[in-house]
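Each chain, letter by letter, is given below.
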Protein chains: 2
Amino acid sequence: MARMTDRMKELFEKIPTVVLATADSDGKPNAVPVGAKKILDDETILISDQFFNKTLKNMKANPNVAVTFWEGHEGYQLKGSVVLETSGSRYEETARWIEELGNAAGFPLKSKGIAILKIEEIYGVTPGAKAGKLLV
Amino acid sequence: MARMTDRMKELFEKIPTVVLATADSDGKPNAVPVGAKKILDDETILISDQFFNKTLKNMKANPNVAVTFWEGHEGYQLKGSVVLETSGSRYEETARWIEELGNAAGFPLKSKGIAILKIEEIYGVTPGAKAGKLLV
């Protein structure tokens, strides 16, 4: 397990859209923007699935994911594996949150399920000599 | 092969940073922001490598990549395979372009090589019923 620093958490929450990368069973990568994301604790991220297509299929076949976010020249990549949930208290709470988001935005939104990422490694994606290096 | 529409090309050029996703030989995805990118023609993208680390290692082992870019609720994902070049006219021209970018930015930048993506499929990443669907 790897723990996010306060600065990483601050940036993750500030940035409206992060990237969720997955890979299919043939090793073909897929990357999509994700807005419905939350920090559960220093080493755990929750992502809600409203519109996942290949991403969901990939996560079912291969739980390894990467979540990348950046602002200007500062950025991070969280790597680990996901557990998918479509019931239980974490899902129910997320479903209410997403429904409220939809109501606030004026169009219906429904959470089909959640992906819980346990962070195993954190890399920098900031340009320069440290690019791509393991941070945590 | 798949051809980008004029709108896709316009958005690709307008957005300063796109995402390049790769996967290692174990199927672990990797996604990094990329600023040094150019359209060569409707079905070909060039990306310059200044700071690639896992991305380069992954592309050498597995040429399948995804390039994702979006603005607001409009976005696209280009999928295909890359050829890597570290010499020849396309690399030399890119090396000059990157050196000029560095000079303009006030810090040295050097292209270590280029990845040429031949686009095979184009997907939407716009939220809604068409999310993740094959467009081209």
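Please read all numbers here as calculations on a predicted model, not as lab measurements. (Residues numbered from 1 in each chain as written. Chains lettered and ligands numbered in written order. Predicted model: local features only at pLDDT ≥ 70, side-chain atom pairs only at ≥ 80, totals over all residues. Heavy atoms only, no water.)

Considerations on the overall build of chain A
Per the secondary structure count, chain A includes 3 helices and 7 strands. Starting at the N terminus and ending at the C terminus, chain A contains elements arranged as α-β-β-β-β-α-β-β-α-β. The C-alpha radius of gyration computed for chain A amounts to 15 Å, which stays within 12% of the reference 14 Å derived for 136 residues, consistent with globular compactness. In terms of its C-alpha atoms, chain A occupies a principal-axis envelope of roughly 45 × 35 × 25 Å. Counting across all 136 residues of chain A, residues that qualify as buried make up 52%. Within chain A, contacts between residues separated by at least 24 positions form 66% of all contacts whose residues are at least 6 apart in sequence. On chain A, roughly 6400 Å² of surface is accessible, and the fraction owed to carbon and sulfur atoms is 51%. Where the 18 positive side-chain charges of chain A centre and where its 18 negative ones centre are 4 Å apart. (Helix = DSSP H or I, 4+ residues; strand = E, 2+ residues; numbered from the N terminus. Rg over C-alpha atoms; globule rule 2.2 N^0.38 Å. Buried < 20%, exposed > 50% of the residue type's maximum accessible area, 1.4 Å probe, protein only. Contact = heavy atoms within 4.5 Å. Areas by Shrake-Rupley, 256 points an atom, 1.4 Å probe, with all protein chains shown as cover. Lys, Arg positive; Asp, Glu negative; His and termini not counted. Charge placed at Lys NZ, Arg CZ, Asp CG, Glu CD.)

Some thoughts on the environment of B:Glu100
Residues and elements named next belong to chain B. Relative to the helices and strands, Glu100 is located in helix H3 (residues 89-105). Given the relative accessible area of 52%, Glu100 is considered exposed. A sequence separation of 61 residues divides Glu100 from Ile39, and the C-alpha atoms of the two residues are 18 Å apart.

Remarks on the packing of aromatic side chains
Using the criterion set out here, one finds 4 aromatic pairs over all chains in the structure. Look at A:Phe69 and A:Tyr76: their rings are 5.9 Å apart centre to centre, the planes differ by 50°, and that puts the pair in the tilted class. Judged by its relative accessible area of 12%, A:Tyr76 falls in the buried class. Centroid distance B:Phe12 to B:Phe69: 5.3 Å. Interplanar angle 90°. Geometry classified as edge-to-face. Here the residue B:Phe12 occupies a position in helix H1 (residues 6-14), and B:Phe69 occupies one in strand E5 (residues 64-71), the gap between them amounting to 57 residues. Of the two residues, B:Phe12 and B:Phe69, both sit in the buried class. Three or more aromatic residues link up through ring pairs in this structure, and these residues are A:Phe12, A:Phe69 and A:Tyr76. The lysine or arginine in question, A:Lys37, covers the ring of A:Phe12, its NZ or CZ lying 5.0 Å from the ring centre. Taking NZ or CZ as reference, B:Lys38 lies 4.2 Å from the ring centre of B:Trp97, over its face. (Phe/Tyr/Trp six-rings, centres within 6.5 Å; stacked < 30°, edge-to-face > 60°. Lys NZ or Arg CZ within 6 Å of the ring centre and 35° of its normal.)

Observations concerning helix H2 (residues 54-61) of chain A
Residue and element names in this part refer to chain A. Of the positions making up H2, those classed as buried are Lys54, Thr55, Asn58 and Met59. Buried residues along H2 cover an arc of 130° about the axis, so they all sit on one side. In this structure, H2 carries Lys57, Lys60 and Ala61 as exposed residues pointing more than 90 degrees from its buried face. (Arc of directions from axis to C-beta.)

Details of the relation of the copies chain A and chain B
Both copies of the chain are related by one operation, a rotation about an axis with a shift along it. Each copy superposes on the other: chain A lies on chain B with an RMSD of 0.0 Å after a rotation of 180° and an axial shift of 0.0 Å. Between the two chains, the operation in question is that of a two-fold axis. Of every C-alpha in chain A, the one belonging to A:Gly27 sits nearest the axis of rotation, 2.5 Å from it. Comparing contact sets, 100% of the residues at the interface of chain A also lie at the interface in chain B, consistent with an isologous, same-surface contact. (Least-squares fit on C-alpha atoms with pLDDT ≥ 70 in both.)

Observations regarding the interface of chain A and chain B
Taken residue by residue, the interface counts 32 residues in chain A and 32 residues in chain B. Note on chain A versus chain B: buried area summed over both sides is about 2600 Å², and carbon and sulfur give 62% of it. Taken as a group, A:Pro29, A:Phe51 and A:Trp70 account for 22% of the area that chain A buries against chain B, more than any other trio of residues on that side. At the boundary of chain A and chain B, one finds 0 salt bridges. For the interface between chain A and chain B, the tally reads 16 residue pairs in polar contact (both at pLDDT 80 or more). The set of elements that each furnish at least two residues to the side of chain A that touches chain B consists of strand E1 (18-23), strand E2 (29-34), strand E5 (64-71) and strand E6 (74-85) of chain A. Of the residues in the side of chain A that touches chain B, the class split is 16 nonpolar, 12 polar and 4 charged. (Buried area = accessible area lost by both parts, 1.4 Å probe. Salt bridge = Lys/Arg side-chain N within 4 Å of Asp/Glu carboxyl O. Polar contact = N/O pair within 3.5 Å; in protein donor to acceptor, adjacent residues only side chain to side chain. Nonpolar A, V, L, I, M, F, W, Y, C, P; charged D, E, K, R; others polar.)

Comments concerning the pattern of salt bridges
Proximity of charged atoms lets side chains of opposite charge pair with each other. Residues and elements named next belong to chain A. Applying the stated criterion across every chain yields a total of 16 salt bridges over all chains. We note a salt bridge from Lys9 to Asp6, for which the minimum N-O separation is 3.6 Å. One end of the pair, Lys9, and the other, Asp6, are both in helix H1 (residues 6-14), 3 residues apart, so they sit about a helical turn from each other. Between Glu85 and Arg90 there is a salt bridge, and its shortest N-O distance comes to 2.6 Å. By relative accessible area, which is 35% here, Arg90 ends up partly exposed. Through salt bridges with shared partners, a single ionic network connects Arg3, Asp6, Lys9 and Asp42.

What is shown is where atoms sit, not what they do.
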